[in-house]
Amino acid sequence: MRKYREIARTYLKTQLAWRADVLFNMVFTVGRILFAYLLWKVIFAEKDTIGGFTFHGMLSYYIISSFFTQLEMSHGISEEMAARIRNGTFSKYIVIPVNVEGYFAAMESGVVLFYLFFDFAAAFIWIFLFGIEFTLVKDGMIIACALAMVLLGMFFMVQLNFFLGILTFKYEEINTFLMIKNNLIALVTGSIVPLALFPDTIVSFMRFLPFYYVTYLPSMLLTGKCAGEAVRGIIVISCWCIVMQAAIRIAWKRYVRRFDGVGI
Amino acid sequence: MNTQKIIETKDLTKTYRRFQKKEGLRGSIQGLIKREYEEKTAVNSVSLTVSEGEFVGLIGPNGAGKTTLIKMLTGIIAPTGGSIDVLGYYPNDLKNAFKKQYAVVMGQKSQLFMELTVNDTLRLFKEIYEIPEADYRDSREYFAELFGVKDLMNVQVRTLSLGERMKMELIVALLHSPRVLFLDEPTIGLDAVASKQIRKFLKEINHDRGTTILLTSHYMEDIRTLCDRTVVINHGSKIYDGGTEELFGRYQRNKRITAVFDRPPYRREVEVPKEQVNDALHELMQYEPKDITIAEDEIGVVVERIYREGEQQNA
């Protein structure tokens, strides 16, 4: 376990090496806040509630959802794997005594730890600077379920991106897969619009997908909604993690032998 | 020297399947519908045995199959045929217990983190290889001293020169005291001074620590200085496996004699077979030269001869 902790620490240190990146990340985060605030203010100008949300309830959802969405940065895993497999430098991970999936999960943790600070800063600016009446559920059990679901959801996203990265061994080019995944996630995770605004049949269908539990349901739970789905949500996302782990095992075993290491 | 065999391959073969795209836009569209592949044999039935403590050179022209062979020995790629045993393991099983016993340094692939210091990378590798703290400190001190880079351990890697970076790559690779070290072009792009230093360190590591080293290089100076034994590969096949001096003795056939005179033609250069040097000198002495130098065949010429004639003998 110590080796994975050190991998996370190393990637956290790499994030801290570039001061301009730190500054731009801060500017970008605040810019997003301002844009969303103005957008929802216009939408709520003529209505008091939309899809069961008040203006402050919607902004509370948006703060929490943005917080989780920005922490979910596992797309870097599939991109890094695809690039390195294609140019032959993926061997740097193969020759060291680590579980490669564990290495990427630890790498992701290191990067996330760095951005956690900015996400907290962004949430703080939202709540205090814009005077939002922040809605946060009081039930400790629901909060615990939501946090557990977020962790499982993020782990699932690491698994999914690692799995897509493995497919590069077979297909060489996975940009189409990545594009489909990114668009699907943007819609299904509810990071653009709360799923509560969609028709019931579509939401019922999305409940079977893992993405529903990555940011959307935890955000809803924390804003005091969908409490009845908390336990079931943890079970569903756990099942998806198990299924994805099995898929990774099979794909890794089958496709790593196809690596030809050519390029450099 | 310990003579335990630690690398053994028999008829080791690697075949790649390559997509053949026809020329032009039309060819690109055809490639979308129907793809044609060609098979390329990168390594062809290579049988090789390396004993513990040996320093073996692997030479061959570009595309000969040297790097492919190293990749199979380290488990990076799977062989298509034949058998392979390295330290008692089938490398492509990628077992951690196996990976802890070897290290590989490829001249153009880096394990260093460019944004961090060498000490940061070493700390990471200490944990990855589960090296006890005291051993880690001893090894780090030993190598920093040996490579003369003590002052550079806390400098951002991207600011180091190519030669300094290669020394750091070697320190990272050697930190866990591997039994076998695979080196693929470690001196590529380095100037003469840096190359000489790297050669000196490698010799010490092989001699003092008993580390088995398999080295590929295009620089014959590397091979001649370091390796007692050389394996020559061309078009994927092994064409020579034996003593390095014997190899050069066999193919370094001529001597170049340069004579300088006080009168025209002032300077005369002749290349003669080794066994005719005496006769040539005798003849030149009749013209009372001011100075005479005798040099070996140019290394480039020798290498070309090894590849060309070795291939013919093997055919």
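As the structure is a prediction and not an experimental result, all values here were calculated from the model.

Caption draft 1: Up close: the overall build of chain B. Check the secondary structure of chain B and you find 11 helices and 12 strands. Sequence separation of 24 or more characterises 69% of the internal contacts of chain B that already satisfy a separation of 6 or more. A total accessible area of about 15,400 Å² is found for chain B, and carbon and sulfur atoms account for 47% of it. Charged side chains of chain B number 45 positive and 47 negative; the gap between the two group centres comes to 6 Å.

Caption draft 2: How the structure looks around the interface of chain B and chain A. Facing the 33 residues of chain B at the interface are 27 residues of chain A. Approximately 2,800 Å² of surface area, both sides summed, lies buried where chain B meets chain A, with 60% of it carried by carbon and sulfur atoms. Across the contact surface, chain B and chain A share 4 salt bridges. Residues Asp120 of chain B and Lys13 of chain A are paired through a salt bridge, measuring 2.9 Å at the closest nitrogen-oxygen approach. Summed over the shared surface of chain B and chain A, the result is 8 residue pairs in polar contact (both at pLDDT 80 or more). Those elements giving two or more residues to the side of chain B that touches chain A turn out to be α3 (96–99), β5 (102–106) and α4 (118–128) of chain B. The biggest single contributor to the side of chain B that touches chain A is α4 of chain B, with 7 residues. Looking at the side of chain B that touches chain A residue by residue, the class counts come to 14 nonpolar, 7 polar and 12 charged.

Caption draft 3: The environment of Val46 of chain B, seen in detail. Residue and element names in this part refer to chain B. Here Val46 is to be found in strand β2 (residues 36–51). Assessed through its relative accessible area of 0%, Val46 is described here as buried. For the pair Val46 and Lys14, spaced 32 residues apart in the sequence, the C-alpha separation amounts to 9.7 Å. The contact partners of Val46, leaving out residues within four places of it in the chain, are Thr9, Lys10, Asp11, Leu12, Leu69, Gly236 and Lys238.

Caption draft 4: Quick look at the packing of helix α4 (residues 75–87) of chain A against helix α6 (residues 100–129) of chain A. Residue and element names in this part refer to chain A. The geometry of α4 relative to α6 is characterised by a closest axis approach of 10 Å and an angle of 130° between their N-to-C directions. Between α4 and α6, the angle is such that the two are oblique. As α4 runs across α6, the sense of the crossing is right-handed. Residues Ile77, Glu80 and Met81 of α4 form the contact with α6, whose participating residues are Phe104, Met107 and Glu108. For the contact of α4 with α6, the residue count by class is 4 nonpolar, no polar and 2 charged.

Caption draft 5: A look at helix α9 (residues 244–251) of chain B. Among the residues of α9 of chain B, those classed as buried are Thr244, Leu247, Phe248 and Tyr251 of chain B. Burial along α9 of chain B is one-sided: seen end-on, the buried residues are contained in an arc of 90°.

Caption draft 6: Spatial organisation of the environment of Glu164 of chain B. Residues and elements named next belong to chain B. Counting through the fold element by element, Glu164 comes out in helix α6 (residues 162–174). You can call Glu164 partly exposed: its relative accessible area is 24%. Here the alpha-carbon distance between Glu164 and Thr117, two residues 47 residues apart in the chain, equals 13 Å.

Parameters at a glance
- Residues numbered from 1 in each chain as written.
- Chains lettered and ligands numbered in written order.
- Predicted model: local features only at pLDDT ≥ 70, side-chain atom pairs only at ≥ 80, totals over all residues.
- Heavy atoms only, no water.
- Helix = DSSP H or I, 4+ residues; strand = E, 2+ residues; numbered from the N terminus.
- Contact = heavy atoms within 4.5 Å.
- Areas by Shrake-Rupley, 256 points an atom, 1.4 Å probe, with all protein chains shown as cover.
- Lys, Arg positive; Asp, Glu negative; His and termini not counted.
- Charge placed at Lys NZ, Arg CZ, Asp CG, Glu CD.
- Buried area = accessible area lost by both parts, 1.4 Å probe.
- Salt bridge = Lys/Arg side-chain N within 4 Å of Asp/Glu carboxyl O.
- Polar contact = N/O pair within 3.5 Å; in protein donor to acceptor, adjacent residues only side chain to side chain.
- Nonpolar A, V, L, I, M, F, W, Y, C, P; charged D, E, K, R; others polar.
- Buried < 20%, exposed > 50% of the residue type's maximum accessible area, 1.4 Å probe, protein only.
- Axes fitted to C-alpha atoms, helices over the stretch in contact; angles between N-to-C directions.
- Parallel < 35°, antiparallel > 145°, perpendicular 65-115°, else oblique.
- Left-handed = near helix turned anticlockwise from the far one by under 90°.
- Arc of directions from axis to C-beta.

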